[in-house]
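Understanding the architecture of this molecule
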Amino acid sequence: MRIGVVTFPGSLDDQDALRAVRLVGAEAVPLWHGDEDLRGVDAVILPGGFSYGDYLRCGAIARFAPVMGALVPAAQGGLPVLGICNGFQVLCESHLLPGALIRNDHRKFVCRDQVLRVENAATAWTSDYEQGQEITVVLKNGEGSYVADERTLDALEAEGRVAFRYVGQNPNGSYRDIAGITNERGNVVGLMPHPEHAVEEGYGPSVDGLGFFTSVLAQVVRA
Amino acid sequence: MSASTSQLDTVERAAASSDTPQPWAELGLGEDEYARIREILGRRPTSAELAMYSVMWSEHCSYKSSKVHLRRFGDLPAETPLGKQLAGIGENAGVIDIGQGWAVTFKVESHNHPSYVEPYQGAATGVGGIVRDIMAMGARPIAVMDPLRFGAIDHPDTQRVLPGIVAGVGGYGNCLGLPNIGGEVVFDPCYQGNPLVNALCVGALRHEDLHLAKATGTGNLVVLFGAKTGGDGIGGVSVLASETFDDEGVGKRPAVQVGDPFAEKVLIECCLDLYAAEVVEGIQDLGGAGLSCATSELASAGDGGMRVWLDRVPLRDATLRPEEVLMSESQERMMAVVTPDKLDEFMAIADRWDVEATVVGEVTDGTNLQIHWGDELIVDVPPRSVAHDGPVYERPLERPAYLDGLQADDGARLARPSTPEDLKATLLQLLASPNLCDKSWVTDQYDRYVRGNTALAMPDDAGVVRVDEETGLGVALSTDCNSRFAKLDPYAGAQLALAESYRNVATAGAIPLAVSDCLNFGSPEDPGVMWEFSEAVRGLYDGCLALGIPVTGGNVSFYNQTGETAIHPTPVVAVLGVMDDVARRTPSGWKAPGQMLYLLGRTASEFGGSTWADVVHGHLGGLPPAVELGLERELGEILVNASRDGLIDAAHDLSDGGLAIALAEGTMRYGAGARVWLDEVCERDEIDVFTALFSESAARAVVAVPRSEEVRFTDMCSARGFAHARIGVVDDELDGIELQGRFSVTLEELRHAHTGTLPAAFAH
């Protein structure tokens, strides 16, 4: 079981995602933004950070990286892909997921321990959770407010494609408290909070994030 | 690119026109200093040379007023409790051995004045600068901290600078991918117009990866890499340009540098790949004084000369004159010395990270630093004379006349609360005060988790990060200074800052190893300020000697004053400690019901400079708490040993606001209540309850001890003869704190008082 983690220039949480992959017993495979192939991995994580400085718009330049040329069709073909924070932004910019992430409503970066509710426990990255389970992971972003038009939001709700919702105070003004979503097939998941920062006792608010990585492991082994 | 040589002030021209008047005074040089430059060179300097000397001989770069005092630190044994230092004062940052083949390097620096002028960029580039210092030692930066000081919380200038400074620290550090694990946010009217923005970075490296800033080996190449050079941060040198040349192209450029954290992140990864490939002979960051500093320091520390082709420097602004290229403080640049056979590999690594790298010079077998612009020689100087042999002043010192009156005004007559209601109200008033209130409005704007190694961060007493994932080996860091104490007695105040920082590190469970300091003071030309400075340095020296830890580096910031009024002396002290496994670190709050709370240390009636005197009475006078470093050392050993042996589950240092605040913070951390009794302590120390709660006596901590370990713990304290008293029990059924026979305060009351202040002041 090989899980790739893409490093763009400006990726910051790539080492953390690689660590989380190792902790569940999978082989962690570093992928480089300039490479045009995925080195035969069974799943891919787009990590957090500020790819290319996020100077134009978060994720807008990363979308055009050579590695994305290989990733987009693979994701459309069913490869499990998880976008965390900046990775979620890249997935939206790539149109693998609908909607967009804009500046937090309070205009500040926010870093805190955040409770999420798992709204869809049937995706490639959430099958080890219970439907409705509440988990505590790290949230840290400046542009994490999820927005989409009403029709898209209604469709996401109707199709069960809201994967995670913020519990308690909405930390960034995301519409309908949405923290993460999935594509129709359930193989592509994006969320603003950071499950890879909740995988080790003593180095984060909990180990609730491990479920993402064990889920995909089980999924790939089944497939 | 062909360099324009019209109107160029060359060495040849300088030698032939000795009487040409030069703007040395406008550049901040004294008449004697200018004369000395002429004597060194045997002619007048070229304008480029004048620019280099003026900036390298400035207070900021040369430490000319502080050097005679700082030399003292060099007399401290260059050993930590774990062994010899690997590099000490004088390098970009000191490097200390933490065992298992690992070393760490850390340093705290000021960026005060730029942050006052332009809060966001000033604070951001303060972070960027200290991170490059750490990179230049061959280390991977692993965490940052930011001790910040502002004027009164409701002053308009605080409203102007604080949001920008906090956003700048966060904006740069967050984008750089370094966890911010602590620091300080302090308010005092003395900082109005002079906010203090200090920045600390810590990095980790294997022993064999240590790199030093020197240019050796004739024929080796000098490579400038990173961002292009622009017109930012040129500051005072534009005087020179506008006087010597026509005004065109010089114009208004920002005096404060502009940061690009993305460029720095890429530069970090690029540098680490270069080190790993062993293609770097010597390395230097570009910070204050830009290329002037980097070239002269590299050449000065080497064994030969250096030739630089300045017109090869990649520019953002093609109109820059050579003097400006030399002075520019454009950020995110580094300079490396590379052997010719490794150049291709060096360039390939830089290219992989899209980092621009350019050979701009070479090491020569000569003695001088020679800088060319096109075909012309514009600088020809002995590098040591620029970088290391600047002027040194013994400024006059004089104990300020007001000090006797200030110390005599001991506040004995200040009304003290006595009824239970008044004691409770005092607790809540202090908890809500700007310096003791919850700082999460600030610290939540910083990423404390990135890299996944943070074991403790705000609001715990110290920040703790893992260095080695295999073993859990890691470091703890704290920065502290109570400048009100230092105002009353700079010698004791500096020692109290050291003691608090040392105590905080030990409280987390780490063995304190080394000190870095950032000495923020007023004008060195004021004999009173200079006296405060020398007292603070003397206090730190004596303190480090007593605690057995070296000063491995630091920074001095003078001229923090408005008109005649200087800031309080503010010697910020950072202590770094090590622990074998950071998973065992001690948090500052209690969770487990039934654990016993012990107060370690004795309490005397010490309210000089206290938070209570400040918040309740607006009073500053008397003497600060007594310093007993022997006791601090004992306390530190107890805290570290108890943590290692599993005898304590929580520990909180007692400092600002005393025991009352420590109990409140320990309770609020995880929400478990505490039942507390103080009668025995009052009887033993012959004090009243008010003093027990709010006095700021040093060398104290409160710890939570599991019942099963109580005997072992008290035996350990008794064996060392260290004062300890059982003052309470953790009770998770209890809502808040019950001080038996006095008052109860609920968690909601505590949190309400504690958390409202900063949002009310700044969230609009």
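All values reported here derive from a predicted model rather than from experimental measurement.

Comments concerning the confidence of the model for chain B
Residue and element names in this part refer to chain B. Predicted confidence across chain B gives a mean pLDDT of 93, with 96% of residues reaching 70 or more. Counted against residues more than four places away or in other chains, residues 1–5, with its pLDDT under 50, gives nine contacts. Per-residue pLDDT stays below 50 along residues 238–252; that stretch engages in 22 contacts with residues further than four places along the chain or on separate chains. As a predicted assembly, this complex carries a pTM of 0.95 together with an ipTM value of 0.96.

Looking at the sheet that holds strand S17 (residues 474–480) of chain B
Residues and elements named next belong to chain B. Ordered by their spatial adjacency, six strands build an open sheet running S15-S16-S17-S22-S18-S19, and the pairing between neighbours is mixed. The sheet terminates laterally at strand S15 (454–456) and strand S19 (551–557), the two strands that pair on one side only. Neighbour-to-neighbour, the strand axes of this sheet turn through a mean angle of 20°, independent of strand direction.

Let's talk about the packing of aromatic side chains
Residues and elements named next belong to chain A. One pass over the full model with this rule turns up 20 aromatic pairs over all chains. Their ring planes at 75° and their centres at 5.7 Å tell us that Tyr129 and Phe212 sit as a pair that is edge-to-face. Of this pair, Tyr129 sits in the loop between strand S6 (110–118) and strand S7 (134–141) while Phe212 sits in helix H5 (residues 210–222); the two residues are 83 residues apart in sequence, bridging distant segments of the chain. Accessibility assignment for this pair places Tyr129 and Phe212 in one class, buried. A ring pair is formed by Phe164 and Phe212, whose centres lie 5.2 Å apart and whose planes are at 20°; its orientation type is stacked.

Quick look at the interface of chain A and chain B
Taken residue by residue, the interface counts 27 residues in chain A and 29 residues in chain B. For the chain A and chain B pair, buried surface summed over both sides reaches about 2400 Å², with 57% attributable to carbon and sulfur atoms. Across the chain A-chain B interface, the total number found is three salt bridges. In this structure, the salt-bridge partner of Lys140 of chain A is Asp447 of chain B, at a minimum N-O distance of 2.7 Å. Taken together, the links from chain A to chain B amount to twelve residue pairs in polar contact (both at pLDDT 80 or more). Elements with a contribution of two residues or more to the side of chain A that touches chain B: helix H1 (14–23), S6 and S7 of chain A.

Looking at unusual backbone geometry
All names here are of chain B. Residues Met458 and Pro459 are joined by a peptide bond in cis, for which omega reads 0°. Along the polypeptide, Pro459 turns up in the loop between S15 and strand S16 (463–466). For Tyr63, which is not glycine, the phi dihedral falls at a positive 55°. Note on placement: Tyr63 falls in the loop between helix H4 (59–62) and helix H5 (67–74).

Details of the packing of H5 of chain B against helix H20 (residues 527–547) of chain B
Residues and elements named next belong to chain B. Look at H5 against H20: their axes get within 9 Å of each other, and the N-to-C directions meet at 5°. In this view, H5 runs roughly parallel relative to H20, as classed from their interaxial angle. For the pair formed by H5 and H20, the contact residues are His69, Leu70, Arg72 and Phe73 on the first element and Met530, Phe533, Ser534, Val537, Arg538, Leu540 and Tyr541 on the second. Of the residues that constitute the contact of H5 with H20, the class distribution is seven nonpolar, two polar and two charged.

Points about helix H2 (residues 66–76) of chain A
Counting along an α-helix, one turn takes 3.6 residues, and residues three or four places apart therefore face a common direction. For H2 of chain A, the full list of buried residues reads Val67, Met68, Ala70, Leu71, Val72 and Ala75 of chain A. Where H2 of chain A is buried, its residues meet strand S1 (2–7), strand S2 (27–32), strand S3 (43–46), strand S4 (81–84), helix H3 (86–93) and strand S11 (188–191) of chain A.

A look at the nonpolar core
Counting 205 residues, the largest nonpolar core has Ile45 of chain A together with Val131, Phe225 and Phe346 of chain B as its most contacted members. Setting aside its immediate chain neighbours within four residues, Val131 of chain B contacts Pro141, Val144, Leu176, Leu178, Cys201, Glu264 and Ile268 of chain B.

Here is what the cut-offs are and how they apply
For every chain, the first residue of its written sequence is number 1, and the numbers climb from 1 along that sequence. Chain labels run from A onward and ligand labels from 1 onward, assigned in the order the entries are written. Local features in a predicted model are, by the rule used here, given only for residues with pLDDT of at least 70; side-chain atom pairs are given and counted only at 80 or more, and totals for whole chains, interfaces and linings are based on all residues. Only heavy atoms go into the side-chain values, all of them from the structure, while hydrogens and water stay out. What pLDDT reports is the predictor's confidence in each residue, on a scale of 0 through 100. Whether two residues touch is decided by their heavy atoms; if any such pair falls within 4.5 Å, the residues are in contact. Any two strands between which DSSP finds at least two bridges are classified as paired. Under the scheme used here, helices are H or I runs from DSSP no shorter than 4 residues and strands are E runs no shorter than 2 residues, and both carry numbers assigned from the N terminus. What counts as an axis is a line fitted to C-alpha atoms, over the stretch in contact for a helix, and the angles between N-to-C directions run from 0 to 180 degrees. For Phe, Tyr and Trp, where Trp contributes only its six-membered ring, two rings pair if their centres lie within 6.5 Å, and the inter-plane angle classes them as stacked under 30 degrees, edge-to-face over 60, or tilted in between. To sort residues, take the accessible area from a 1.4 Å probe on protein chains only and compare it with the maximum for the residue type: under 20% means buried, over 50% means exposed, and anything in between is partly exposed. Computed with a 1.4 Å rolling probe, the buried area is the accessible surface lost when two parts are put together, summed over both parts. By definition here, a salt bridge exists when the distance from a side-chain nitrogen of Lys or Arg to a carboxyl oxygen of Asp or Glu is within 4 Å. Definition of a polar contact: a pair of N or O atoms within 3.5 Å, with one able to donate and the other able to accept a hydrogen when the atoms are protein atoms, and with sequence-neighbouring residues admitted only if both atoms are side-chain atoms. The labels follow the angle: roughly parallel below 35 degrees, roughly antiparallel above 145, roughly perpendicular from 65 to 115, and oblique for the rest. Residues are grouped as follows: nonpolar covers Ala, Val, Leu, Ile, Met, Phe, Trp, Tyr, Cys and Pro; charged covers Asp, Glu, Lys and Arg; every other residue, Gly included, is treated as polar. Take the buried residues of types Ala, Val, Leu, Ile, Met, Phe, Trp, Tyr and Cys, join any two whose side-chain atoms come within 4.5 Å, and each joined set is a nonpolar core.

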